[in-house]
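# Understanding the architecture of this molecule
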Amino acid sequence: MIEPASAPPRTARPPRPGLTRPTALLLAATSAVTAANVYLNQPLLGAAARSLGVAPDVLGAVPTATQLGYAAGILLLVPAGDSHDRRRLILGLGTASALALAACAVAPGVTWLVVAGFAVGLLSPVPQLVTPLAVALAAGGGDAGRGRVVGTVQAGLLVGVLASRAYSGALAEQVGWRAVFGCSCVLTLLTMLVLSRALPRVPAAAATSYRSTLASLPRLFAAHPPVRRIAVSGALVGIAFGAFWTTLTFLLSKDYGYGPTEIGLFGLVAAASALASPYAGRLADRLGRRGALAALIGLVIAGWLLLLPGGGSLWWLLAGVVVLDVGVWGSQAASQTSLFSLDPAVHSRLNTLYFTLRFSGIAVGSLAGTVAWSGGGWPAVVVTGTTTALAGLCVAVSPDRFSLRRRGRS
């Protein structure tokens, strides 16, 4: 069991309320709404550029700023979930992110929009707080309940990510890009209102200061081999994932002649991964960390092999997308399930470590995929993705010096 070096002796706490199915679905919906806010600006760039009288590539700084803000929020704000009431953090961040969306809706110029976009990202790592909260509420369900809960909440996050682009693009054509931000602001506020009435209060996981939780992150990563293996494996799989989705646009445009609309709709093929996420969490419950990650990262490798024909077969491409995405998002659910088998007092920090490396891997993968495409075309991209996924598999199944779980299999 991981115990932070600075944590005081544990004291008895009152029993926590259980996680009902309606509450679990509400938390999944919260993840969907708040995750969508991070990605909805991407289809709006052309319309916003015309409205503000600038070239479209100038507004490329908006999604970049939002993603940087999101990474900063995960690193700086999510650790507070271990030392503060997660319910209050979720409600506070959700409300503040709604105000940032309103600022985007009334932006008079590019600089305002970039700054407001950064604020949206910074205040949106709510899903990374929702998942530990759901696990804490379901603590009475044991290990089996943990995987199911993680998978359910992650399915909501995936629905938000996948639906955000289609929803924002379609709505912008009807009512304009500013109204998209306005509608998302209202939806986020309504979600927070429902949460404030329905979400039970849960005591802070650990009686420590925010500064202590933030300072403990390097020590937590360095001192515990299971945490390192899961986080590094997640980063390597993230590289494989980032390389694929960046270069897929090049492949579909060059070999199939698809335009932006068709390419955007192609991403909906990955919706199968949202349906598979709850089962991935249960797989981690049944097989343990190594068994589940071996199976799921194995799917990532299989997906890349199916993708090898590239521009030669659309059906192979579709099959590869589904298999790869199920493996990528399934391995994420299994990784989180394994991390949440550790000390509840550090769950938010474990989420911070995992997602910081995960998003870093995706960013590196986007660059690596672009370089591979420029140097050797689609076959070079497949080699890059397969190699990094294989490296992630090796790291994930390597033995540790001690058991990952406090009870049961590792």
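Criteria and thresholds
- Residues numbered from 1 in each chain as written.
- Predicted model: local features only at pLDDT ≥ 70, side-chain atom pairs only at ≥ 80, totals over all residues.
- Heavy atoms only, no water.
- UniProt positions renumbered as here; feature names shortened; annotations may be inferred.
- Core = buried A, V, L, I, M, F, W, Y, C linked by side-chain atoms within 4.5 Å.
- Buried < 20%, exposed > 50% of the residue type's maximum accessible area, 1.4 Å probe, protein only.
- Helix = DSSP H or I, 4+ residues; strand = E, 2+ residues; numbered from the N terminus.
- Domains from an automatic or database assignment.
- Contact = heavy atoms within 4.5 Å.
- Salt bridge = Lys/Arg side-chain N within 4 Å of Asp/Glu carboxyl O.
- Phe/Tyr/Trp six-rings, centres within 6.5 Å; stacked < 30°, edge-to-face > 60°.
- Patch = residues over 30% accessible without salt bridge, like charges linked within 9 Å, V, L, I, M, F, W, Y side chains within 5 Å.
- Areas by Shrake-Rupley, 256 points an atom, 1.4 Å probe, with all protein chains shown as cover.
- Axes fitted to C-alpha atoms, helices over the stretch in contact; angles between N-to-C directions.
- Parallel < 35°, antiparallel > 145°, perpendicular 65-115°, else oblique.
- Left-handed = near helix turned anticlockwise from the far one by under 90°.
- Nonpolar A, V, L, I, M, F, W, Y, C, P; charged D, E, K, R; others polar.

Looking at an unreviewed UniProt entry, the protein carries the name Putative permease, with the source organism given as Streptomyces paromomycinus. Turning to the protein, the UniProt annotation filed under Subcellular location (unreviewed entry) states: "Cell membrane".

Counting 48 residues, the largest nonpolar core has Phe244, Val300, Trp304, Leu307, Leu324, Leu350 and Trp378 as its most contacted members. Counting residues per element, this core draws most heavily on helix α15 (residues 347-397), at twelve residues. When residues are assigned to domains, this core turns out to be shared by domain 1 (18-208) and domain 2 (210-398), each giving three or more. Excluding its chain neighbours within four sequence positions, the residues that come into contact with Trp304 are Ala240, Phe244, Leu324, Trp378, Val381, Val382, Gly385 and Thr386. Ranked by size, the runner-up nonpolar core spans 45 residues in total, among them Ala24, Leu40, Leu133 and Val149.

With that settled, the discussion passes to the pattern of salt bridges. A full pass over the atoms with the stated rule returns three salt bridges. Note that Asp82 and Arg86 form a salt bridge whose closest N and O atoms lie 3.3 Å from each other. The residues Asp82 and Arg86 share a single accessibility class, namely buried. Here Arg349 makes a salt bridge to Asp82, at a shortest N to O gap of 2.7 Å.

Let us look at the environment of Val364. Along the chain, Val364 falls in helix α15. Take Val364: its relative accessible area is 45%, and that puts it in the partly exposed class. Considered as a pair, Val364 and Gly242 are 122 residues apart in the sequence and their alpha carbons are 7.3 Å apart.

The subject of this paragraph is the packing of aromatic side chains. Counted under the stated rule, the structure contains nine aromatic pairs. Centre to centre, the rings of Phe241 and Trp329 are 5.6 Å apart; their planes meet at 80°, and the pair counts as edge-to-face. In this pair, Phe241 sits in helix α11 (residues 225-256) while Trp329 sits in helix α14 (residues 314-339), placing the two residues 88 residues apart along the sequence. As far as the burial class goes, Phe241 and Trp329 line up, both buried. Ring centres of Trp304 and Trp378 lie 6.3 Å apart, and the angle between their planes is 40°; on these two criteria the pair is classed as tilted. Highlighted residues: Trp304 in helix α13 (residues 272-306) and Trp378 in helix α15, separated in sequence by 74 residues. Joined through ring pairs, the aromatic side chains of Tyr70, Tyr354, Phe355 and Phe359 make up one cluster.

So, about a nonpolar patch on the surface. A surface patch of nonpolar side chains, amounting to about 270 Å² of accessible area, comprises Val186, Leu190 and Leu193. Within the secondary structure layout, Leu190 lies in helix α8 (residues 177-198). Residue class for Leu190 comes out partly exposed when judged on its relative accessible area of 49%.

Moving on to the packing of α14 against α15. Two elements in contact, α14 and α15, have axes separated by 10 Å at closest approach and are oriented at 150°. In terms of orientation, α14 lies roughly antiparallel with respect to α15. Considering only the axes of α14 and α15, their crossing is right-handed. Contacts between α14 and α15 involve Val328, Ser331, Gln332, Ser335, Gln336 and Leu339 on the former and, on the latter, His347, Leu350, Asn351, Tyr354, Phe355 and Arg358. Class assignment of the residues belonging to the contact of α14 with α15 gives a composition of five nonpolar, six polar and one charged.

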